[in-house]
Amino acid sequence: ENAEENETEPEGPRYVLQLGEEKEIDIDGTMHILEIHNIEVDRVIVKIDDIKSDWIMEGGSFTYANIDTTITIKSILFQAYGKKEIEYILS
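Overview of the structure. (Residues numbered from 1 in each chain as written. Predicted model: local features only at pLDDT ≥ 70, side-chain atom pairs only at ≥ 80, totals over all residues. Heavy atoms only, no water.)

Some details on the pairing of strand β4 (residues 43–48)
Turning to step 1, where the next piece is worked out: Of all six residues in β4, five are buried, a share of seventy percent or more.
Turning to step 2, where the next piece is worked out: Pairing of strand β3 (residues 30–39) with β4, which is carried by five bridges, proceeds in the antiparallel orientation. By the bridge assignment, Ile 36 is partnered in β4 with Val 46.
Turning to step 3, where the next piece is worked out: Sheet topology places β4 next to strand β6 (residues 56–57); two bridges connect them, and they run antiparallel. For Val 44, the partnering residue across the bridge sits in β6 and is Ile 56.
Turning to step 4, where the next piece is worked out: Bridge count between β4 and strand β5 (residues 51–52): two bridges; the pairing is antiparallel. (Buried < 20%, exposed > 50% of the residue type's maximum accessible area, 1.4 Å probe, protein only. Helix = DSSP H or I, 4+ residues; strand = E, 2+ residues; numbered from the N terminus. Pairing = 2+ DSSP bridges.)

This is the structure in structure tokens:
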């Protein structure tokens, strides 16, 4: 039995998305637009096409049922007068 498999959180390539940036993502051969809808110091709302997530805290995730995809927020960088970006994983 591989105990490691039961305990690991979903990992995959990590991506960075900045506020105001639109990222094209391929889910099962269909292109979708991913963007930050709203960001605060410790939480973010991410939009895929026209579907907005709930507020997601750092380390939290949200599942878009319509495209069977989960976004996990690995980190939130919020500088009042600087960078506003997230690091995330799609699964």
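Description of the pattern of salt bridges
Oppositely charged side chains can pair when the atoms bearing their charge come close.
Turning to step 1, where the next piece is worked out: By the definition in use, this model includes two salt bridges.
Turning to step 2, where the next piece is worked out: The salt bridge partner of Arg 14 is Glu 87, with a shortest N-O separation of 3.4 Å. Here Glu 87 lies in strand β9 (residues 84–90) and Arg 14 lies in the loop between α1 (3–7) and β1 (15–18), a separation of 73 residues in the sequence.
Turning to step 3, where the next piece is worked out: Between Glu 40 and Arg 43 there is a salt bridge, with its nearest N and O atoms 2.8 Å apart.
Turning to step 4, where the next piece is worked out: Under the relative-accessibility criterion, Arg 43 is labelled partly exposed at 26%. (Salt bridge = Lys/Arg side-chain N within 4 Å of Asp/Glu carboxyl O.)

In short, geometric facts, not functional conclusions.
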